[in-house]
There are 2 protein chains.
Amino acid sequence: MKRVSAIIVAAGEGRRFGGAKQDALLAGQTVLERVLDRFNTHPEIADIILVLKDINHTQDYREKFLKISAVTSGGIERQDSVLAGFQALPPDKVDIVLIHDGVRPLVSNTLISRVIKATADKGAVVPVISLEDTIKQVHGDKILSTANRTQLRRVQTPQGFKYHLLQAALEKAQAERYYGTDEASLVERLKKEVGTVPGDRRNIKITTPEDIKYAEALLED
Amino acid sequence: MKRVSAIIVAAGEGRRFGGAKQDALLAGQTVLERVLDRFNTHPEIADIILVLKDINHTQDYREKFLKISAVTSGGIERQDSVLAGFQALPPDKVDIVLIHDGVRPLVSNTLISRVIKATADKGAVVPVISLEDTIKQVHGDKILSTANRTQLRRVQTPQGFKYHLLQAALEKAQAERYYGTDEASLVERLKKEVGTVPGDRRNIKITTPEDIKYAEALLED
């Protein structure tokens, strides 16, 4: 059986939120606790690396979520945080790494399983959903064209990677001082194929206080 | 002074909503009533054309919102509804036409004014907002590339057009049986320039029952 580790990236500042988004209460539990709970209870997850801005006072998390094997402090950019999380993994023991946003608390067990299964098969996988809005390509304040949205997808997390592929992708990006908006883009730069699996519209990213209300409404369903 | 008419397109079925989305209650008022109120009270709007699926029992709307000059029944596709609304405009009297989704109840006076002003200047204008998610171009279940999201925008309404430009765009589309995902795309097909103005993140589209909760949270701010 493949050993699967999850890196939970929760080192953001939450500028638009007015406080750390992952610490906001969502139906009585913090956003980050909900994320940790989802991965902690998932039968295929062996361990969790938690990447935080401030790694003091994390005893609570470790006691509640026993699969947390390391808590490490993140960097300025998301990618720095992912790298820090990766370096905290037990070397040569992990087959598959999932990287998940600490502010996507509604990730389902089904989605986690789906990403793991596809990653074992394809090496690198992202969950995607379709775009509902019309999307335009612009130059300054002029429209160049209407994008063919049937070919575009919004990317979610968890993104899944075979350990050595993610290692190579992170090393290349670091050597070239390249920063991507997600980890899959680093694998794409290796010219390795990245697959997609269906994401989940409920798997939203908490960015504003209103997103909390929205997430609570989704939980009530 | 330019005469500005608004076409409110509210002929959708609301399949994902389980009932017509525009009739859902949002903080005590229906979504559509909120939309009509915003346009009815805007000082630059001369009249409103309301496009509905079912045009029976619309006396209430006409009594409450005195700028409604016509209620007309929409077609199967959004573009059919826009065309029906356009044909209900008083000919040769309107300078600028705004087209607005009947399910975007949080449109602000400021945004309406901004679109009108830019349309008078540029002929065709859409409000846009940036994309927060990573966007990938896909082929089947494989990723082709990560899109440069700095060049992409999500399109909102109201979209604004000079009357004769919209007329030409709708006629060409109709003659060629072309359906676009928005009206601006029909103008783009005329090789006429479409401008952008900053949209508003609060100007959300109500698509699911959870969007109502989200909109109510936005209203509380």
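Residues numbered from 1 in each chain as written. Chains lettered and ligands numbered in written order. Predicted model: local features only at pLDDT ≥ 70, side-chain atom pairs only at ≥ 80, totals over all residues. Heavy atoms only, no water.

With respect to the interface of chain B and chain A
In many analyses, interface size is given as the accessible surface area lost on bringing the parts together.
Stage number 1. Opposite the 43 residues of chain B that make contact, chain A presents 43 residues.
Stage number 2. When the two sides are added together, the surface that chain B and chain A hide from each other amounts to roughly 3800 Å², 48% of it contributed by carbon and sulfur.
Stage number 3. For the chain B face of the interface with chain A, the top three residues by lost area are Lys136(B), Ile143(B) and Glu210(B), together amounting to 15%.
Stage number 4. For the interface between chain B and chain A, the tally reads 12 salt bridges.
Stage number 5. Of the charged contacts, one joins Glu188(B) and Lys136(A) as a salt bridge, the two residues approaching to 2.6 Å between their closest N and O atoms.
Stage number 6. At the surface where chain B touches chain A, the tally comes to 26 residue pairs in polar contact (both at pLDDT 80 or more).
Stage number 7. Take the side of chain B that touches chain A: its biggest share by element is seven residues, from helix α7 (residues 209–220) of chain B. (Contact = heavy atoms within 4.5 Å. Buried area = accessible area lost by both parts, 1.4 Å probe. Salt bridge = Lys/Arg side-chain N within 4 Å of Asp/Glu carboxyl O. Polar contact = N/O pair within 3.5 Å; in protein donor to acceptor, adjacent residues only side chain to side chain. Helix = DSSP H or I, 4+ residues; strand = E, 2+ residues; numbered from the N terminus.)

Looking at the pattern of salt bridges
Stage number 1. Counted by the stated rule, this structure contains 28 salt bridges over all chains.
Stage number 2. We note a salt bridge from Asp141(B) to Lys122(A), for which the minimum N-O separation is 3.1 Å. Of this pair, Asp141(B) sits in the loop between β8 (135–139) and β9 (142–146) while Lys122(A) sits in helix α4 (residues 109–122), on two different chains.
Stage number 3. Asp141(B) sits in the partly exposed class, given a relative accessible area of 38%.
Stage number 4. Assessed through its relative accessible area of 33%, Lys122(A) is described here as partly exposed.
Stage number 5. A single salt-bridge network, built from bridges that share partners, covers Arg78(A), Asp101(A), Arg104(A) and Glu183(A). (Buried < 20%, exposed > 50% of the residue type's maximum accessible area, 1.4 Å probe, protein only.)

Quick look at the pairing of strand β9 (residues 142–146) of chain A
The side chains of a regular strand alternate between both faces of the sheet.
All names here are of chain A.
Stage number 1. Of the pairings in the sheet, the one linking strand β8 (residues 135–139) to β9 comprises four bridges and is antiparallel in character. What sits directly across from Gln137, in β9, is Ser145.
Stage number 2. Counting the residues that bridge the hairpin from β8 to β9 gives two residues, and of these Gly140 lies at a positive phi of roughly 60°. (Pairing = 2+ DSSP bridges.)

Structural notes on the packing of aromatic side chains
Stage number 1. One pass over the full model with this rule turns up three aromatic pairs over all chains.
Stage number 2. Both rings, one in Phe86(A) and one in Tyr163(A), keep their centres 4.8 Å apart while their planes meet at 25°; by these two values the pair is stacked. Residue Phe86(A) is found in helix α3 (residues 78–87), and its partner Tyr163(A) is found in helix α5 (residues 163–175); the two are separated by 77 residues along the sequence.
Stage number 3. With a relative accessible area of 7%, Phe86(A) lands in the buried category.
Stage number 4. Taken together, a centroid distance of 5.7 Å and an interplanar angle of 70° make the contact between Tyr214(A) and Tyr214(B) edge-to-face. Of the two residues, Tyr214(A) is situated in helix α7 (residues 209–220) and Tyr214(B) in helix α7; the pairing between them involves two chains. One exposure class covers both Tyr214(A) and Tyr214(B), and it is buried.
Stage number 5. The ring of Tyr178(A) is capped by Arg189(A), whose NZ or CZ atom sits 3.9 Å from the centre of that ring. (Phe/Tyr/Trp six-rings, centres within 6.5 Å; stacked < 30°, edge-to-face > 60°. Lys NZ or Arg CZ within 6 Å of the ring centre and 35° of its normal.)

Purely spatial values, then, with no claim about function.
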